[in-house]
Amino acid sequence: MQASDEFSEGQLNPANAPIPGVDKATGGLIANLPPASFSFVMATGIVSTGLELYGAALPSLVLFIIAVLAGIVLAAATLMRLIGTFGLVMRDIRSPGRAFGFFTIVAGANVLGARFEMYGWITMALAMAIVGAVVWVVLNYTLPTELLVAERKTPMIAEINGSWFLWVVGTQSVAVAAAMVARLGGSALLGAVAVGLWGVGVMLYLLVATLVTIRLLTHPVDPASLSPTYWIYMGATAISVLAGSRILLLDATMPIMETATPVVAGISFILWALGLWWIPLLILFGIWRHVLRHRPLRYEISLWSIVFPLGMYATASMLFGGVEGLDFMVGLGRIIIWVALLAWLASSLAMAHAAFSWLRRRRNLSGTPQGPSTP
């Protein structure tokens, strides 16, 4: 399987590795849980945030509840996988095409934390910030180290893909959480931490973008390798803008803000423009993949890599535009959030269809008598 299929490998496909306490089929799902499984939580949570900013309170609340429930289920499944099939987890950590998917845990926790804070549930928001920070520290140093020291027969560059941008997304989500806590507690130290993490995220974006672009230019590109994960090219810029807007809301009397404010504002706007530039190109990639090269359009977990960037770009546009008084950014964000919602609905329907197909296959394999077919 090619590196680009890291998000679909093993999905809805029972494995032979059992998980204690669950049936074989469910155990197979947990054993093969993709590292990027929390991308559903990220996508659902950020679309909920954007709808809340728009003023659509009811659909925002519905998506928030779905995101929280999904987060609980996936957290339990991830812990079961870590305990029951640690070898498979290490396999993913040592795979350049899959490893950075684990940063969806960080971003998912921080997206939920931001939503809890919007509802005034500060304790839950702080808890999510702590979870995100701890997991980020572990992953931020474990994954690059494992990938660099691992013995391999082929150069790593051949397996790099758009999922590497999740490193940037996870880092900037921690910057958002740090800015939130600094604002709530008035901590100048955490304000400096937020600015520092934002800067690290920007530098990581430049690093990862260089590596991913080199991979695209030096290795053959086919419909399988040009997966929806490349939408995170844009999503990483969008969350950097969001983090910048949260930093710009910090108390202007904080020492770090005197130096950081113009830098954060200027670079955030440049990144916003870069994200907008990416959107038509990414659409053309999709047309080439599915229309010209006839790649079947089916459910794969990387579809959430389209929903999340769209939702994040809309949310970042509304927030940054509001902070800086740029009405055209707010207006564009208010349009794109509905595109993101449509993408979320389409991806959810595809996911439900895939789940139904798996259940039907499982029932057939178990020999359970089938009832009459329905249209």
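For the structure itself, look to the data block above.
*Asks:* How should I be thinking about the pattern of salt bridges in this particular structure?
*Replies:* Pairing between side chains of opposite charge can happen when the charged atoms of each approach one another. This structure, assessed with the given rule, holds 7 salt bridges. Between D92 and R81 there is a salt bridge whose closest N-O contact spans 2.6 Å. Of this pair, D92 sits in helix α4 (residues 86–93) while R81 sits in helix α3 (residues 57–84); the two residues are 11 residues apart in sequence, bridging distant segments of the chain. With respect to burial, D92 and R81 carry one shared label: buried. Residue R98 is joined to D92 by a salt bridge in which the shortest nitrogen-to-oxygen separation is 2.7 Å. Taken together, the shared-partner salt bridges in this structure form one network comprising R81, R91, D92 and R98.

*Asks:* I keep staring at the packing of aromatic side chains and nothing clicks. Help me out?
*Replies:* Aromatic ring pairs are defined here through the distance separating the ring centres and the angle between the ring planes. In this structure the tally under the stated criterion is 18 aromatic pairs. The interplanar angle of 45° and the centroid separation of 6.1 Å between the aromatic rings of F64 and W121 together place this pair among those described as tilted. Here the residue F64 occupies a position in helix α3, and W121 occupies one in the loop between α5 (103–118) and α6 (122–149), the gap between them amounting to 57 residues. By the ring-pair criterion, three or more aromatic residues cluster together here, those being F165, Y205, Y230, Y233, W277 and W278. Over the ring of Y54 we find R334; its NZ or CZ atom is 4.1 Å from the centre of that ring.

*Asks:* What should I look at first to understand empty space enclosed by the protein in this one?
*Replies:* In this approach, a probe sized like a water molecule rolls over the atoms, and the result shows the empty space that is left. Taken as a whole and assessed by the stated rule, the structure comprises 2 cavities of 30 Å³ or more. The volume enclosed by the largest cavity comes to roughly 60 Å³. For the lining of the largest cavity, the secondary structure elements donating two or more residues are α2 (39–54) and α11 (304–324). Volume-wise, the second largest cavity comes out at about 40 Å³. For the second largest cavity, the full set of lining residues is A109, N110, G113, A114, A125, M128, A129, V176, A177 and M180. Looking at the lining of the second largest cavity, the elements that each hand over two or more residues are α5, α6 and α7 (165–185). Broken down by element, the residue count for the lining of the second largest cavity peaks at 4 residues, all from α5. Along the lines of polarity and charge, the residues of the lining of the second largest cavity split into 8 nonpolar, 2 polar and no charged.

Reading the values: the criteria
- Residues numbered from 1 in each chain as written.
- Predicted model: local features only at pLDDT ≥ 70, side-chain atom pairs only at ≥ 80, totals over all residues.
- Heavy atoms only, no water.
- Salt bridge = Lys/Arg side-chain N within 4 Å of Asp/Glu carboxyl O.
- Helix = DSSP H or I, 4+ residues; strand = E, 2+ residues; numbered from the N terminus.
- Buried < 20%, exposed > 50% of the residue type's maximum accessible area, 1.4 Å probe, protein only.
- Phe/Tyr/Trp six-rings, centres within 6.5 Å; stacked < 30°, edge-to-face > 60°.
- Lys NZ or Arg CZ within 6 Å of the ring centre and 35° of its normal.
- 1 Å grid on protein atoms, 1.4 Å probe; cavity = no way out; pocket = protein on both sides within 12 Å on 5 of 7 lines; lining within 4 Å.
- Points joined across faces, edges and corners; volume = space filled by probe spheres on them.
- Nonpolar A, V, L, I, M, F, W, Y, C, P; charged D, E, K, R; others polar.

So yeah, pure geometry; function would need other evidence.
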